[in-house]
Amino acid sequence: MYDVSIIGSGPAGVSAAIYSSRAGLQTMIISENRGALAKAEKIENYYGFAKPISGENLLADGILQAERVGTKLINDQVLNISYEDGFLLKAKKNEYKAKSVVIATGSNRTAPKIKGFRSYEGKGVSYCAVCDAFFYKGKDVAVLGCCEYALHEAMELLPIVKSVTLITNGAAPIPAIPDDIRVITQEIVAFEGIDYLEGVRFYDGTVLSAAGVFVAIGVAGSSDLARKLGAETEGLKIIVDENMATNIPGLYAAGDCTGGMMQIAKAVYEGAKAGAEVVKYIRKNKINT
(Lines give C-alpha, C1' and ligand atoms only; values in the text may rest on other atoms or scores of the structure.)
Protein backbone atom coordinates (compact mmCIF):
# COMPACT_ATOMS: atom_id res chain seq x y z
CA MET A 1 0.00 0.00 0.00
CA TYR A 2 1.30 3.44 -0.96
CA ASP A 3 1.19 6.35 1.45
CA VAL A 4 -0.27 8.60 -1.22
CA SER A 5 -1.68 8.01 -4.66
CA ILE A 6 -1.83 11.05 -6.91
CA ILE A 7 -4.16 10.89 -9.89
CA GLY A 8 -2.83 13.10 -12.68
CA SER A 9 0.65 13.95 -13.95
CA GLY A 10 0.15 17.65 -14.66
CA PRO A 11 1.67 20.52 -12.65
CA ALA A 12 -0.65 20.01 -9.64
CA GLY A 13 -0.10 16.27 -9.39
CA VAL A 14 3.65 16.39 -9.92
CA SER A 15 4.05 19.26 -7.45
CA ALA A 16 2.18 17.26 -4.80
CA ALA A 17 4.37 14.24 -5.52
CA ILE A 18 7.59 16.20 -5.12
CA TYR A 19 6.54 17.43 -1.67
CA SER A 20 5.28 14.08 -0.39
CA SER A 21 8.23 12.13 -1.80
CA ARG A 22 10.80 14.50 -0.32
CA ALA A 23 9.09 14.02 3.06
CA GLY A 24 9.71 10.29 2.83
CA LEU A 25 6.23 9.10 1.87
CA GLN A 26 5.83 6.26 -0.62
CA THR A 27 4.27 8.18 -3.48
CA MET A 28 2.77 7.11 -6.78
CA ILE A 29 1.37 9.09 -9.69
CA ILE A 30 -1.22 7.36 -11.85
CA SER A 31 -1.81 8.90 -15.26
CA GLU A 32 -2.48 7.75 -18.79
CA ASN A 33 -2.00 11.07 -20.58
CA ARG A 34 -0.50 14.48 -19.95
CA GLY A 35 -3.64 16.56 -20.52
CA ALA A 36 -4.17 19.91 -22.17
CA LEU A 37 -0.86 21.46 -21.09
CA ALA A 38 1.10 19.10 -23.36
CA LYS A 39 -0.52 20.83 -26.34
CA ALA A 40 0.72 24.29 -25.36
CA GLU A 41 3.32 25.47 -27.87
CA LYS A 42 4.78 28.29 -25.78
CA ILE A 43 4.43 29.19 -22.10
CA GLU A 44 5.63 32.69 -21.26
CA ASN A 45 3.84 33.51 -17.99
CA TYR A 46 5.34 30.98 -15.57
CA TYR A 47 8.04 32.11 -13.16
CA GLY A 48 11.69 31.20 -13.73
CA PHE A 49 11.88 30.83 -17.51
CA ALA A 50 13.66 33.65 -19.30
CA LYS A 51 12.59 32.17 -22.62
CA PRO A 52 9.30 30.48 -23.53
CA ILE A 53 9.04 26.75 -22.85
CA SER A 54 6.68 24.26 -24.45
CA GLY A 55 4.06 22.54 -22.33
CA GLU A 56 5.47 19.16 -23.33
CA ASN A 57 8.96 20.06 -22.10
CA LEU A 58 7.68 21.58 -18.86
CA LEU A 59 5.68 18.45 -18.09
CA ALA A 60 8.56 16.13 -18.95
CA ASP A 61 10.99 18.04 -16.72
CA GLY A 62 8.51 18.00 -13.84
CA ILE A 63 8.01 14.25 -14.08
CA LEU A 64 11.77 13.64 -14.16
CA GLN A 65 12.12 15.78 -11.05
CA ALA A 66 9.41 13.79 -9.23
CA GLU A 67 10.99 10.47 -10.23
CA ARG A 68 14.41 11.68 -9.07
CA VAL A 69 13.09 12.23 -5.52
CA GLY A 70 11.45 8.80 -5.43
CA THR A 71 7.97 9.09 -6.97
CA LYS A 72 6.76 6.05 -8.91
CA LEU A 73 4.97 6.89 -12.16
CA ILE A 74 2.34 4.38 -13.32
CA ASN A 75 0.76 4.52 -16.77
CA ASP A 76 -2.87 3.58 -16.12
CA GLN A 77 -6.39 5.05 -16.18
CA VAL A 78 -8.32 5.25 -12.90
CA LEU A 79 -11.96 4.24 -13.34
CA ASN A 80 -13.23 4.20 -9.77
CA ILE A 81 -12.22 5.00 -6.19
CA SER A 82 -13.68 3.35 -3.09
CA TYR A 83 -12.67 3.03 0.54
CA GLU A 84 -11.87 -0.43 1.91
CA ASP A 85 -9.40 -0.17 4.79
CA GLY A 86 -7.65 2.49 2.75
CA PHE A 87 -8.39 3.96 -0.63
CA LEU A 88 -8.86 1.40 -3.40
CA LEU A 89 -8.27 2.70 -6.91
CA LYS A 90 -9.64 0.49 -9.67
CA ALA A 91 -7.90 1.21 -12.96
CA LYS A 92 -7.94 -0.17 -16.48
CA LYS A 93 -4.88 -2.36 -15.96
CA ASN A 94 -4.72 -2.97 -12.22
CA GLU A 95 -5.91 -2.05 -8.73
CA TYR A 96 -3.93 0.11 -6.29
CA LYS A 97 -4.24 0.84 -2.57
CA ALA A 98 -3.19 4.01 -0.78
CA LYS A 99 -3.58 5.64 2.62
CA SER A 100 -4.38 9.01 1.04
CA VAL A 101 -5.29 10.33 -2.40
CA VAL A 102 -4.74 13.60 -4.25
CA ILE A 103 -7.04 14.13 -7.24
CA ALA A 104 -5.29 16.33 -9.80
CA THR A 105 -6.66 15.27 -13.17
CA GLY A 106 -7.64 18.74 -14.32
CA SER A 107 -11.16 19.74 -15.25
CA ASN A 108 -13.60 18.48 -17.84
CA ARG A 109 -14.23 21.69 -19.75
CA THR A 110 -16.81 20.37 -22.19
CA ALA A 111 -20.24 18.81 -21.80
CA PRO A 112 -22.34 17.00 -24.43
CA LYS A 113 -24.02 19.59 -26.65
CA ILE A 114 -27.27 17.67 -26.84
CA LYS A 115 -30.71 19.22 -26.60
CA GLY A 116 -32.21 18.73 -23.15
CA PHE A 117 -28.98 17.52 -21.53
CA ARG A 118 -28.71 20.31 -18.96
CA SER A 119 -32.45 20.27 -18.24
CA TYR A 120 -32.33 16.72 -16.89
CA GLU A 121 -29.22 16.92 -14.72
CA GLY A 122 -30.41 15.56 -11.40
CA LYS A 123 -33.66 14.54 -13.04
CA GLY A 124 -32.47 11.44 -14.84
CA VAL A 125 -28.99 12.50 -15.98
CA SER A 126 -26.32 11.28 -13.53
CA TYR A 127 -22.52 11.25 -13.40
CA CYS A 128 -21.98 8.40 -10.92
CA ALA A 129 -23.25 4.82 -11.22
CA VAL A 130 -22.02 3.83 -7.76
CA CYS A 131 -23.79 6.83 -6.21
CA ASP A 132 -27.13 6.69 -8.00
CA ALA A 133 -27.71 3.13 -9.25
CA PHE A 134 -30.03 2.35 -6.33
CA PHE A 135 -32.54 4.99 -7.50
CA TYR A 136 -32.95 3.12 -10.80
CA LYS A 137 -33.48 -0.35 -9.38
CA GLY A 138 -35.52 -2.43 -11.83
CA LYS A 139 -35.55 0.33 -14.46
CA ASP A 140 -34.12 0.69 -17.96
CA VAL A 141 -31.08 2.97 -18.08
CA ALA A 142 -28.35 4.01 -20.51
CA VAL A 143 -24.69 4.93 -20.26
CA LEU A 144 -23.41 7.72 -22.52
CA GLY A 145 -19.87 6.89 -23.62
CA CYS A 146 -17.81 4.43 -25.63
CA CYS A 147 -14.66 3.50 -23.74
CA GLU A 148 -13.35 1.74 -20.63
CA TYR A 149 -14.91 4.23 -18.21
CA ALA A 150 -18.33 3.84 -19.82
CA LEU A 151 -18.03 0.05 -19.66
CA HIS A 152 -17.06 0.23 -15.99
CA GLU A 153 -20.16 2.31 -15.19
CA ALA A 154 -22.37 -0.07 -17.17
CA MET A 155 -21.02 -3.05 -15.25
CA GLU A 156 -21.73 -1.28 -11.95
CA LEU A 157 -25.35 -0.80 -13.03
CA LEU A 158 -26.06 -4.27 -14.42
CA PRO A 159 -26.75 -6.10 -11.12
CA ILE A 160 -29.23 -3.44 -9.99
CA VAL A 161 -31.19 -2.10 -12.96
CA LYS A 162 -33.48 -3.87 -15.41
CA SER A 163 -31.34 -3.20 -18.50
CA VAL A 164 -28.33 -1.17 -19.59
CA THR A 165 -27.81 0.30 -23.05
CA LEU A 166 -24.50 1.87 -24.08
CA ILE A 167 -25.18 4.93 -26.27
CA THR A 168 -22.04 6.18 -28.01
CA ASN A 169 -23.43 9.22 -29.87
CA GLY A 170 -21.69 8.26 -33.10
CA ALA A 171 -18.40 7.05 -31.62
CA ALA A 172 -17.09 3.51 -32.12
CA PRO A 173 -17.36 1.45 -28.91
CA ILE A 174 -14.51 -0.60 -27.51
CA PRO A 175 -14.77 -4.24 -28.66
CA ALA A 176 -15.11 -5.98 -25.28
CA ILE A 177 -18.78 -5.16 -24.57
CA PRO A 178 -20.66 -8.06 -22.87
CA ASP A 179 -23.69 -9.48 -24.64
CA ASP A 180 -26.06 -8.33 -21.89
CA ILE A 181 -25.28 -4.68 -22.64
CA ARG A 182 -27.05 -3.34 -25.72
CA VAL A 183 -25.08 -0.87 -27.86
CA ILE A 184 -26.54 1.98 -29.94
CA THR A 185 -24.04 3.98 -31.99
CA GLN A 186 -26.55 6.41 -33.55
CA GLU A 187 -26.01 10.12 -32.93
CA ILE A 188 -28.33 11.62 -30.34
CA VAL A 189 -30.81 14.39 -31.17
CA ALA A 190 -32.22 15.08 -27.71
CA PHE A 191 -33.01 13.92 -24.21
CA GLU A 192 -36.76 13.91 -23.71
CA GLY A 193 -39.31 13.80 -20.91
CA ILE A 194 -41.82 15.94 -19.04
CA ASP A 195 -40.60 16.60 -15.51
CA TYR A 196 -37.97 13.85 -15.53
CA LEU A 197 -35.99 12.08 -18.25
CA GLU A 198 -38.04 9.50 -20.11
CA GLY A 199 -36.04 8.71 -23.23
CA VAL A 200 -33.31 9.48 -25.74
CA ARG A 201 -34.13 10.37 -29.35
CA PHE A 202 -31.70 9.50 -32.17
CA TYR A 203 -31.17 10.94 -35.64
CA ASP A 204 -32.77 7.93 -37.30
CA GLY A 205 -36.03 8.80 -35.53
CA THR A 206 -35.93 5.99 -32.97
CA VAL A 207 -36.39 6.63 -29.26
CA LEU A 208 -34.74 4.65 -26.46
CA SER A 209 -36.91 4.51 -23.35
CA ALA A 210 -34.69 5.22 -20.35
CA ALA A 211 -35.38 6.41 -16.82
CA GLY A 212 -31.76 7.45 -16.43
CA VAL A 213 -28.64 8.22 -18.44
CA PHE A 214 -25.23 7.96 -16.78
CA VAL A 215 -22.60 10.17 -18.40
CA ALA A 216 -19.20 8.45 -18.81
CA ILE A 217 -17.56 10.17 -21.78
CA GLY A 218 -13.85 9.57 -22.29
CA VAL A 219 -12.06 9.06 -18.97
CA ALA A 220 -13.29 9.66 -15.43
CA GLY A 221 -12.79 13.32 -14.60
CA SER A 222 -11.82 14.75 -11.22
CA SER A 223 -15.36 15.47 -10.09
CA ASP A 224 -16.52 12.02 -11.27
CA LEU A 225 -13.93 10.32 -9.05
CA ALA A 226 -14.64 12.62 -6.10
CA ARG A 227 -18.39 11.90 -6.22
CA LYS A 228 -17.78 8.16 -6.00
CA LEU A 229 -16.38 8.66 -2.50
CA GLY A 230 -19.09 11.10 -1.45
CA ALA A 231 -16.88 14.17 -1.69
CA GLU A 232 -18.67 17.48 -2.03
CA THR A 233 -18.72 18.91 -5.55
CA GLU A 234 -20.28 21.89 -7.26
CA GLY A 235 -20.81 21.21 -10.95
CA LEU A 236 -17.42 20.09 -12.26
CA LYS A 237 -15.57 21.62 -9.29
CA ILE A 238 -14.37 19.70 -6.22
CA ILE A 239 -14.96 21.61 -3.00
CA VAL A 240 -11.82 21.90 -0.86
CA ASP A 241 -10.78 23.94 2.18
CA GLU A 242 -7.71 26.14 2.53
CA ASN A 243 -5.58 23.00 2.91
CA MET A 244 -6.87 21.45 -0.35
CA ALA A 245 -8.74 18.86 1.74
CA THR A 246 -12.17 17.58 0.73
CA ASN A 247 -14.85 16.58 3.24
CA ILE A 248 -13.49 13.01 3.05
CA PRO A 249 -10.53 12.43 5.43
CA GLY A 250 -7.38 11.64 3.46
CA LEU A 251 -8.79 12.86 0.14
CA TYR A 252 -7.33 16.03 -1.37
CA ALA A 253 -7.73 17.84 -4.69
CA ALA A 254 -5.55 20.37 -6.50
CA GLY A 255 -5.35 22.25 -9.78
CA ASP A 256 -8.03 23.06 -12.33
CA CYS A 257 -10.50 20.66 -10.68
CA THR A 258 -10.91 23.02 -7.71
CA GLY A 259 -12.09 25.88 -9.92
CA GLY A 260 -10.82 29.43 -10.10
CA MET A 261 -7.86 30.56 -12.20
CA MET A 262 -6.80 27.79 -14.58
CA GLN A 263 -3.10 28.61 -14.64
CA ILE A 264 0.11 26.63 -14.06
CA ALA A 265 1.13 28.85 -11.14
CA LYS A 266 -2.11 28.10 -9.27
CA ALA A 267 -1.86 24.37 -10.01
CA VAL A 268 1.72 24.19 -8.73
CA TYR A 269 0.83 26.02 -5.51
CA GLU A 270 -2.23 23.87 -4.83
CA GLY A 271 -0.28 20.70 -5.57
CA ALA A 272 2.48 21.75 -3.18
CA LYS A 273 -0.08 22.57 -0.50
CA ALA A 274 -1.89 19.25 -0.99
CA GLY A 275 1.39 17.33 -0.87
CA ALA A 276 2.46 19.07 2.34
CA GLU A 277 -0.94 18.49 3.95
CA VAL A 278 -0.87 14.79 3.05
CA VAL A 279 2.40 14.51 4.97
CA LYS A 280 0.74 16.11 8.02
CA TYR A 281 -2.30 13.83 7.66
CA ILE A 282 -0.23 10.64 7.56
CA ARG A 283 1.91 11.70 10.53
CA LYS A 284 -0.96 13.10 12.62
CA ASN A 285 -2.97 9.93 12.27
CA LYS A 286 0.14 7.82 12.95
CA ILE A 287 -0.40 5.82 9.78
CA ASN A 288 2.61 3.56 9.37
CA THR A 289 4.84 4.65 6.49
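Residues numbered from 1 in each chain as written. Predicted model: local features only at pLDDT ≥ 70, side-chain atom pairs only at ≥ 80, totals over all residues. Heavy atoms only, no water.

A.B. asks: Could you clarify how one ought to interpret unusual backbone geometry in this entry?
C.D. replies: For residues besides glycine, phi is generally negative; the peptide bonds are generally trans as well. Residues other than glycine seldom take positive phi values, yet D85 does so here, at roughly 55 degrees. Within the secondary structure layout, D85 lies in the loop between β4 (78-83) and β5 (87-91). On the basis of relative accessible area, D85 is assigned to the exposed category, the value being 67%. (Helix = DSSP H or I, 4+ residues; strand = E, 2+ residues; numbered from the N terminus. Buried < 20%, exposed > 50% of the residue type's maximum accessible area, 1.4 Å probe, protein only.)

A.B. asks: Which parts of the structure should I look at to understand the packing of helix α1 (residues 11-22) against helix α6 (residues 264-284)?
C.D. replies: A pair of packed helices is characterised by two quantities: the angle between their axes and the separation of those axes. Two elements in contact, α1 and α6, have axes separated by 7 Å at closest approach and are oriented at 35 degrees. Crossing of α1 over α6 shows right-handed handedness. When α1 is examined against α6, the residues P11, A12, S15, A16, Y19 and S20 are found in contact with a partner set consisting of I264, A267, V268, G271, A272, G275, A276 and V279. By residue class, the composition of the contact of α1 with α6 is 10 nonpolar, 4 polar and no charged. (Axes fitted to C-alpha atoms, helices over the stretch in contact; angles between N-to-C directions. Left-handed = near helix turned anticlockwise from the far one by under 90°. Contact = heavy atoms within 4.5 Å. Nonpolar A, V, L, I, M, F, W, Y, C, P; charged D, E, K, R; others polar.)

A.B. asks: Would you take a moment to explain the packing of α1 against helix α2 (residues 55-68) for this structure?
C.D. replies: Their axes nearest at 9 Å, the elements α1 and α2 cross at an angle of 20 degrees. In terms of orientation, α1 lies roughly parallel with respect to α2. Between α1 and α2 the crossing geometry is left-handed. From α1, P11, V14, A17 and I18 reach across to α2, where they touch L59, G62, I63, Q65 and A66. (Parallel < 35°, antiparallel > 145°, perpendicular 65-115°, else oblique.)

A.B. asks: Where do I start with the environment of I81 in this structure?
C.D. replies: On the secondary structure map, I81 appears in strand β4. Relative accessible area serves as the criterion here: at 1%, I81 is assigned to the buried category. Sequence spacing of I81 and A91 is 10 residues, and the spatial spacing of their C-alpha atoms is 8.9 Å. Apart from the residues within four sequence positions on either side, I81 is in contact with I7, F87, L88, L89, V101, I103, L225, K228 and L229.

A.B. asks: What is the right way to read the pattern of salt bridges from this model?
C.D. replies: The final tally for this structure, using the stated rule, is 10 salt bridges. As a salt-bridge pair, K92 and E32 come within 2.5 Å of each other at their nearest N and O atoms. In this pair, K92 sits in the loop between β5 and β6 (95-103) while E32 sits in the loop between β2 (27-30) and α2, placing the two residues 60 residues apart along the sequence. Under the relative-accessibility criterion, K92 is labelled partly exposed at 33%. (Salt bridge = Lys/Arg side-chain N within 4 Å of Asp/Glu carboxyl O.)

A.B. asks: For this particular structure, what's the right way to read the pairing of strand β11 (residues 188-193)?
C.D. replies: Along any regular strand the residues' side chains alternate between the sheet's two faces. Here β11 pairs with strand β12 (residues 197-202) via 5 bridges, running antiparallel. Looking at β12, one finds that A190 is bridged to R201. What sits between β11 and β12 in their antiparallel hairpin is a turn of 3 residues. (Pairing = 2+ DSSP bridges.)

A.B. asks: What exactly am I supposed to notice about the environment of K42 here?
C.D. replies: Here K42 shows up in the loop between β2 and α2. In this structure, the C-alpha to C-alpha distance between K42 and G55, residues 13 residues apart in sequence, is 6.7 Å. In contact with K42, not counting residues within four places along its chain, are P52 and I53.

A.B. asks: What is the right way to look at the sheet that holds strand β9 (residues 163-167) in this model?
C.D. replies: Sheet strands pair via backbone hydrogen bonds, and the direction of the pair is either parallel or antiparallel. If you trace the 5 strands from one edge of the open sheet to the other, you get β7-β14-β8-β9-β10, paired in parallel fashion. The two strands at the open ends of the sheet, each matched to only one other strand, are β7 (125-126) and β10 (181-184). The sheet contacts of helix α4 (residues 148-157) involve β8 (140-144), β9, β10 and β14 (212-215), and relative to β8 the element is tilted by about 165 degrees.

A.B. asks: Please explain α4 as it appears in this structure.
C.D. replies: For an α-helix, 3.6 residues make a turn, and residues three or four places apart therefore share a direction. Most of α4 sits inside the fold, with 7 of its 10 residues counted as buried. Those residues of α4 that sit buried are Y149, A150, L151, H152, E153, A154 and L157.

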